[in-house]
Amino acid sequence: MNIVTLLPFIVLIGAMFLMTRSAKNKQRQAVQMRDQMQPGTGVRTIGGMYATVKEIHDDTVLLEVAPGVHAIYAKNAIGAVLEDAEYNRIVHGLEPEETPVVPDDASSLTEAVEAGEPPVEKKIDLGKDAAPAAGEAKDEVKDAEAGAEKSGEATEPKDKDAKRDGDTDAK
């Protein structure tokens, strides 16, 4: 046999080996993650429900999904074991206390105070079309219409419901 005919089979066997190896690695990591569970830790199930672990058995886990509401789940149904800070942030909306960021030099903190004016916050316009000033827009439209009439070009009607590029028929 020629090596060229065996090459596709060798590549296929190598790819299968790599895929099964990575799948086994993921399974091993999932088992380690589930072994980290202890009563009182927060978890997320594979269905997306957040709960607190109450009891751990061989194949099952008793979860408290709400105060006084308990449910029994299979250990395989635990999708992630969460850290306390992350669980409290998601479930209770508690943000960890963060220390304020202080710049290296104090000049940026004192510039606005020395000038006697409050710091100015720039607002970002997230609109689709940036509207020019009212006077500029009217002048540009008049100039464009006048240029089109002089050159003999027909102008399109300026209907507010007219379709433009990217618009759809749905309203």
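Residues numbered from 1 in each chain as written. Predicted model: local features only at pLDDT ≥ 70, side-chain atom pairs only at ≥ 80, totals over all residues. Heavy atoms only, no water.

Novice: Just give me the short version of the overall build of the protein, but keep the residues and values in it.
Specialist: The helix and strand inventory of the protein stands at 4 helices and 5 strands. Each helix and strand of the protein, placed in order from N terminus to C terminus, yields the pattern α-β-β-β-β-β-α-α-α. Per-residue burial over the protein gives 12% buried out of 171 residues. Residue pairs in contact within the protein that sit at least 24 positions apart in sequence constitute 36% of those at least 6 positions apart. (Helix = DSSP H or I, 4+ residues; strand = E, 2+ residues; numbered from the N terminus. Buried < 20%, exposed > 50% of the residue type's maximum accessible area, 1.4 Å probe, protein only. Contact = heavy atoms within 4.5 Å.)

Novice: Could you give an account of the pattern of salt bridges, naming the residues involved and the relevant values?
Specialist: Taken as a whole and assessed by the stated rule, the structure comprises 1 salt bridge. Between glutamate 64 and lysine 54 there is a salt bridge, and its shortest N-O distance comes to 3.1 Å. Pair noted here: glutamate 64 is in strand 3 (residues 60–66) and lysine 54 is in strand 2 (residues 50–56), with a separation of 10 residues, a long-range link. (Salt bridge = Lys/Arg side-chain N within 4 Å of Asp/Glu carboxyl O.)

Novice: Could you give an account of the pairing of strand 2, with specific residues and numbers?
Specialist: Sheet topology note: the strand 1 (residues 42–45)/strand 2 ladder contains 3 bridges and is antiparallel. Its bridge partner lying in strand 2, valine 43 is registered against alanine 51. The hairpin formed by strand 2 and strand 3 contains 3 residues between the paired strands. (Pairing = 2+ DSSP bridges.)

Novice: So what about the nonpolar core? Which residues, and what values?
Specialist: One finds Met37, Val43, Ala51, Val53, Val61, Leu63 and Ile78 forming the largest nonpolar core, which totals 7 residues. For this core, the secondary-structure elements that each account for two or more residues are strand 2 and strand 3. Not counting residues up to four positions away in its chain, the partners in contact with methionine 37 are Val43, Val53, Ile56, Val61, Lys75, Ile78 and Val81. (Core = buried A, V, L, I, M, F, W, Y, C linked by side-chain atoms within 4.5 Å.)

Novice: Give a description of the side chain of arginine 34 that names residues and reports values.
Specialist: Take arginine 34: it is sitting in helix 1 (residues 3–35). Leave out the neighbours within four places in its chain, and arginine 34 touches Lys75, Asn76 and Ile78.

Novice: Explain the sheet that holds strand 2 to me, and be specific about the residues and the numbers.
Specialist: The sheet built from 5 strands is open, its strands ordered 4-3-2-1-5 with antiparallel pairing. At either end of the open sheet lies a strand with only one pairing partner, and these are strand 4 (69–74) and strand 5 (78–82). Going across the sheet, the axis of each strand differs from the next one's by a mean of 45°, ignoring polarity. Across the face of the sheet, helix 2 (residues 84–92) comes into contact with strand 1, strand 2 and strand 5 while running at roughly 130° to strand 2. (Axes fitted to C-alpha atoms, helices over the stretch in contact; angles between N-to-C directions.)

The values are spatial; any link to function lies outside them.
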